[in-house]
Amino acid sequence: MTGGGGDVWIEAGFAELARSGIAGVRVEVLAKALGVTKGGFYRRFRDRAALLGAMLEVWREGRIAAIEQQASLSGATARERLASLIRLYSERMNTEGMAIELAIRQWARADDTAAAAVASVDTARLKNVAQLYRANGLTAEAAEAKAFLFYCFVFGQSLLFLDRGQRRRAQLIAKSAEKLLDEG
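Predicted model only: the values in this text are computed from it and were never measured. (Residues numbered from 1 in each chain as written. Predicted model: local features only at pLDDT ≥ 70, side-chain atom pairs only at ≥ 80, totals over all residues. Heavy atoms only, no water.)

**So, a nonpolar patch on the surface**
Step number 1: A cluster of nonpolar residues, V8, L34 and V36, forms a patch on the protein surface that exposes about 210 Å² of accessible area.
Step number 2: Looking at where L34 falls in the secondary structure, it is placed in helix α2 (residues 27–34).
Step number 3: What makes L34 partly exposed here is its relative accessible area of 31%. (Patch = residues over 30% accessible without salt bridge, like charges linked within 9 Å, V, L, I, M, F, W, Y side chains within 5 Å. Areas by Shrake-Rupley, 256 points an atom, 1.4 Å probe, with all protein chains shown as cover. Salt bridge = Lys/Arg side-chain N within 4 Å of Asp/Glu carboxyl O. Helix = DSSP H or I, 4+ residues; strand = E, 2+ residues; numbered from the N terminus. Buried < 20%, exposed > 50% of the residue type's maximum accessible area, 1.4 Å probe, protein only.)

**Brief notes about the side chain of E16**
Step number 1: Relative to the assigned elements, E16 resides in helix α1 (residues 7–20).
Step number 2: Once residues within four sequence positions are removed from consideration, E16 is found in contact with G21, G24, V25, V29 and L30. (Contact = heavy atoms within 4.5 Å.)

**Some points on the layout of surface pockets**
Step number 1: Roughly 290 Å³ of internal volume is contained in the second largest pocket.
Step number 2: Taken together, 17 residues form the lining of the second largest pocket, with S90, E91, R169, A170 and I173 sitting closest to its centre.
Step number 3: Going through the elements one at a time, α5 (78–91) and α9 (165–181) are the ones with two or more residues in the lining of the second largest pocket.
Step number 4: Take the lining of the second largest pocket: its biggest share by element is seven residues, from α9. (1 Å grid on protein atoms, 1.4 Å probe; cavity = no way out; pocket = protein on both sides within 12 Å on 5 of 7 lines; lining within 4 Å. Points joined across faces, edges and corners; volume = space filled by probe spheres on them.)

Written out as structure tokens, the structure reads:
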């Protein structure tokens, strides 16, 4: 996830966050998961709050870099890039990534620092997708609204449990994607 001395602790923190939420991200739990003593943690981080801050920063930077790269128009039209983003979010379910996303959003409900990280990621996501819609010919206002619907769809569909099977889910996603890719 990063490249430095605290990587293993941050990665273990994310794994525990995905597994049990923010309450589970504790020094003792992470040390045990890594098979090391707590001393290594305290050589790298001042305290748990420092680890949590580092985790938020790694998540925020990673999510913003990802959307900027995914929304880049190099070699693709805006419509193709939007279709690619829909496929990315709906076809290949990254269960750990989604668990981390949901846990951070839950954490943000009670923590201003986490809320600020989530807000900056959401702002970047909406801005980049709105730019694609603008490049596709929509006005700024229409592009912002379509970007909002886009993210409501890509995150919302991943939370739905459909009893109609994978084939029906794929059909619903494809039909929904057509609506999101319409010109109007």
